[in-house]
Amino acid sequence: MNRTRIIALLFGLIGVTATSLAKEAVLKPRLVVCTDIAPADVEPDDMESMVHLLVYADMFEIEALITSVGWNCDPYPLEWSQYLGRVITAYAKDVPNLMKRSGQKKHLALKKENGSQRMGYWPSAEYLSKRAVMGSMYGGIRSIGERNDSPGSELLIRLADEDDPRPIYVAAWGGANTLAQAIWRVKQTRTEEEVTKFVSKFRIFTITDQDMDYAHRMDRARSSHMWLRQEFKDCLQFIWDEGAWQEQCELGKQTWALHQQHIQTKGALGKEYPNYKWGVEGDTPSFLYVLPNGLNDPENPLQAGWAGYHERGLCADSLTTAWTSWQESVRSISVGYKQRFYMDELNDFMARMQWADEGKGNHNPIVVVRSTSGRLQGKNGHQGLSPLVLMAKVGATIRLDASKSKDPDGNDILFQWWQQPEIGTAKLAIEDAGKGIINVHIPADAAGQALHLVCEVTDNGAFSLKSYQRVIIKID
């Protein structure tokens, strides 16, 4: 695959086989994590989210794991970074089993791992260790400046300057002060056009606003996040989540018995998964948003997925705008999607923990959707990392066929088709929504809209794993 292929449209399936990945040679999305990882008696949820992330290391090009300031620490205690090291050490023990999931026999040389990684590749623990660096120890806009550079901010500058067209997604589990510092540093030496180009490489998803200590959390003007939204509102995609993360915490508490049975007892990583204190995995939506599972394109926050749903609007600081979910009715929509998909997410996580423990388990089904009508934009009958996009006219009937979908383990599969109602105003009439082949009727009021359908496929194997495929119908 040519490196110029951008993975901006991250539609796909978690269960794509190693063979099909090799044929497509699709590159992973680039991911940076800023974490205020801490001892379990202080705040265990970053440890939980880090375990969750690393059993999906085949789906992300993890460019940096940056320990940094957050609600529980300003300044960040250097000794807390050992907890990140502990999770990576556990990953080193479990990755031989995880590699069996995709048939990977060995790791690439570190020099090649530092290049672009293909989807399905499990990186070495050595690679992850070298990507684990210290970021900003101090939070808030007051710390940005000459004395705030760190290995993390320097690494972010190098990443953005690489000859790689893929965007860099920053998941802020704590504060994103390290990113703000990197941008500030670049502003000191580059032209306005060069700074815009630099900033445009990044996308950021913040779990609330944690660029400060907890006691000052409501003083929004203290945060460098506000500075980012003010200065770079036209070139930085900024998602400020205030819906999905709280629901993630609550749903995790409600299903804690499953976490104890199927996560904490599985492999070396499971042993590092601590009991919750306040909530479970509150930071996880930040990387689920980027996860290529077929539901959503992270370049378009309107597309709902495992990280909820967001719309562009006024932020909780009453001054800046971003993609957010803090106000009604958007918050309820986001929470509703988190509730809808949570068991899909948890089942998938538990299945991967079984692989980490045993080196065997269930694979996700593979969705193959084709259209027998409508004007296609792209390849028909495809599977993988792109949506099926087609043009249709008002009054037309579109026939969509997912009957060639299959399960790698030979399990039976079930179908469910549904429309995401937040995109477009017209309602599609779907015949036989629970079957592999459906007819979709385009209503008279759909002219000029792009309407979104999702084909959801579930197997009857262990944990009832799901895969998805989005279908976009553009009405002319």
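Our subject is the structure listed above.
Residues numbered from 1 in each chain as written. Predicted model: local features only at pLDDT ≥ 70, side-chain atom pairs only at ≥ 80, totals over all residues. Heavy atoms only, no water.

Asker: Explain the sheet that holds strand 12 (residues 397–401) to me, please; I cannot follow it from the model alone.
Answerer: What holds strands together in a sheet is hydrogen bonding between their backbones, with the strands either parallel or antiparallel. One open sheet accounts for four strands, arranged 9-12-15-14; its pairing is antiparallel. A single partner strand is all that each edge strand has here, and the edge strands are strand 9 (370–371) and strand 14 (429–431). Taken together, the two bridges between strand 9 and strand 12 define a ladder with antiparallel strand orientation. Looking at strand 12, one finds that R370 is bridged to D401. (Pairing = 2+ DSSP bridges. Helix = DSSP H or I, 4+ residues; strand = E, 2+ residues; numbered from the N terminus.)

Asker: Sorry, what's going on with helix 8 (residues 192–199) here?
Answerer: Listed in full, the buried residues belonging to helix 8 are V195, F198 and V199. Looking straight down helix 8, one finds its buried side chains confined to an arc of 90°; they lie on one side. Helix 8 presents E193 and K197 as exposed residues on the side facing more than 90 degrees away from its buried surface. Buried-residue contacts for helix 8 involve helix 6 (151–161), helix 7 (177–187) and strand 5 (202–207). (Buried < 20%, exposed > 50% of the residue type's maximum accessible area, 1.4 Å probe, protein only. Arc of directions from axis to C-beta. Contact = heavy atoms within 4.5 Å.)

Asker: Please clarify how the packing of helix 7 against helix 9 (residues 224–231) should be interpreted in this entry.
Answerer: When two helices pack together, their arrangement is captured by the angle between the axes and the distance separating the axes. Helix 9 packs onto helix 7 with a crossing angle of 50° between their chain directions and a minimal axis gap of 9 Å. Between helix 7 and helix 9, the angle is such that the two are oblique. The chirality of how helix 7 crosses helix 9 is left-handed. Touching N177, A180, I183, W184 and K187 of helix 7 are S224, H225, W227 and L228, all from helix 9. Taken together, the residues of the contact of helix 7 with helix 9 break down into five nonpolar, three polar and one charged. (Axes fitted to C-alpha atoms, helices over the stretch in contact; angles between N-to-C directions. Parallel < 35°, antiparallel > 145°, perpendicular 65-115°, else oblique. Left-handed = near helix turned anticlockwise from the far one by under 90°. Nonpolar A, V, L, I, M, F, W, Y, C, P; charged D, E, K, R; others polar.)

Asker: I would appreciate a short explanation of the pattern of salt bridges in the present structure.
Answerer: Close approach of charged atoms lets side chains of opposite charge pair. Going through the model one piece at a time under the given rule, you end up with 20 salt bridges. A salt bridge links E162 to R30, with the shortest nitrogen-to-oxygen separation between them at 2.9 Å. Here E162, found in the loop between helix 6 and strand 4 (168–172), pairs with R30, found in strand 1 (residues 30–35); they are 132 residues apart in sequence, far enough to count as distant. In this structure E162 comes out as partly exposed when scored by relative accessible area, which is 32%. Exposure remark for R30: the relative accessible area of 0% places this residue in the buried category. With its nearest N and O atoms 2.9 Å apart, the salt bridge here joins R166 to E61. Separated by 105 residues along the polypeptide, R166 in the loop between helix 6 and strand 4 and E61 in strand 2 (residues 61–67) bring together distant segments of the chain. Judged by relative accessible area, R166 falls into the buried class, the value being 0%. Salt bridges here are not isolated pairs; linked through shared partners, they connect R30, E61, E63, R131, E162, D164 and R166. (Salt bridge = Lys/Arg side-chain N within 4 Å of Asp/Glu carboxyl O.)

Asker: Any chance you could explain the packing of aromatic side chains here in plain terms?
Answerer: Pairs of aromatic rings are described using the distance from one ring centre to the other and the angle between the two planes. Inspection of every chain in the model, using the stated rule, returns 15 aromatic pairs. Between W306 and Y468 the ring centres are 6.3 Å apart and the planes differ by 85°, which places this aromatic pair in the edge-to-face class. Taken together, the residues span a long stretch of sequence, with W306 in the loop between helix 13 (285–288) and strand 7 (311–314) and Y468 in strand 17 (residues 466–475) at a distance of 162 residues. Aromatic rings pair up to connect W306, Y309, Y337, F341, W418 and Y468 into one cluster. The ring of F238 has R229 lying over it, and the distance from NZ or CZ to the ring centre is 5.1 Å. (Phe/Tyr/Trp six-rings, centres within 6.5 Å; stacked < 30°, edge-to-face > 60°. Lys NZ or Arg CZ within 6 Å of the ring centre and 35° of its normal.)

Asker: Would you explain the sheet that holds strand 7 in this entry?
Answerer: What the eight strands build is an open sheet, ordered 3-2-1-4-5-6-8-7; its pairing is mixed. Sheet topology places strand 3 (132–134) and strand 7 at the edges, where each strand pairs with a single neighbour. In this sheet, neighbouring strand axes are inclined to one another by 30° on average, regardless of whether the strands run parallel or antiparallel. With four bridges connecting them, strand 7 and strand 8 (residues 321–324) associate as antiparallel partners. The residue bridging G313 from the neighbouring strand is A322, located in strand 8. Contacts from helix 9 reach strand 5, strand 6 (237–241) and strand 8, with the element oriented near 140° to strand 6.

Asker: Sorry if this is basic, but what is going on with unusual backbone geometry here?
Answerer: Among all residues except glycine, the phi angle is most often negative; among peptide bonds, the trans geometry is most common. Note the cis peptide between D74 and P75, where omega equals 15°. Note that the residue after E328, namely S329, is joined by a cis bond; omega there is 10°. If you trace the backbone, S329 turns up in the loop between strand 8 and helix 14 (330–358). Not every positive phi belongs to a glycine, and F463 is a case in point at roughly 70°. Here F463 is to be found in the loop between strand 16 (450–459) and strand 17.

Asker: What is the right way to read the state of the cysteines from this model?
Answerer: By definition, a disulfide links the sulfur atoms of two cysteine residues through a covalent bond. All told, the structure shown has zero disulfides when counted by the stated rule. There is no disulfide at C249, and the cysteine sulfur nearest it, in C73, is 16 Å away. In this structure C249 comes out as buried when scored by relative accessible area, which is 9%. (Disulfide = S-S within 2.5 Å.)

Asker: Looking at this model, I keep getting lost on the packing of helix 6 against helix 7. Mind explaining?
Answerer: Helix 7 packs onto helix 6 with a crossing angle of 60° between their chain directions and a minimal axis gap of 8 Å. When the axes of helix 6 and helix 7 are compared, the crossing they make is right-handed. Contacts between helix 6 and helix 7 involve G152, S153, L156 and I157 on the former and, on the latter, T178, L179, Q181, A182, R185 and V186.

Asker: For this particular structure, what's the right way to read the pairing of strand 15 (residues 437–441)?
Answerer: For strand 12 and strand 15, the ladder comprises five bridges, and the chain directions are antiparallel. Residue pairing across strands places T397 opposite H441, the latter belonging to strand 15. Of the strand pairs in this sheet, strand 14 and strand 15 are connected by three bridges, and their pairing is antiparallel. Within strand 15, the residue paired with A429 across the bridge is H441. If you look at the hairpin formed by strand 14 and strand 15, you'll find five residues sitting between the two strands, and D432 has a positive phi there, around 60°.

Worth remembering: the numbers are spatial, not functional.
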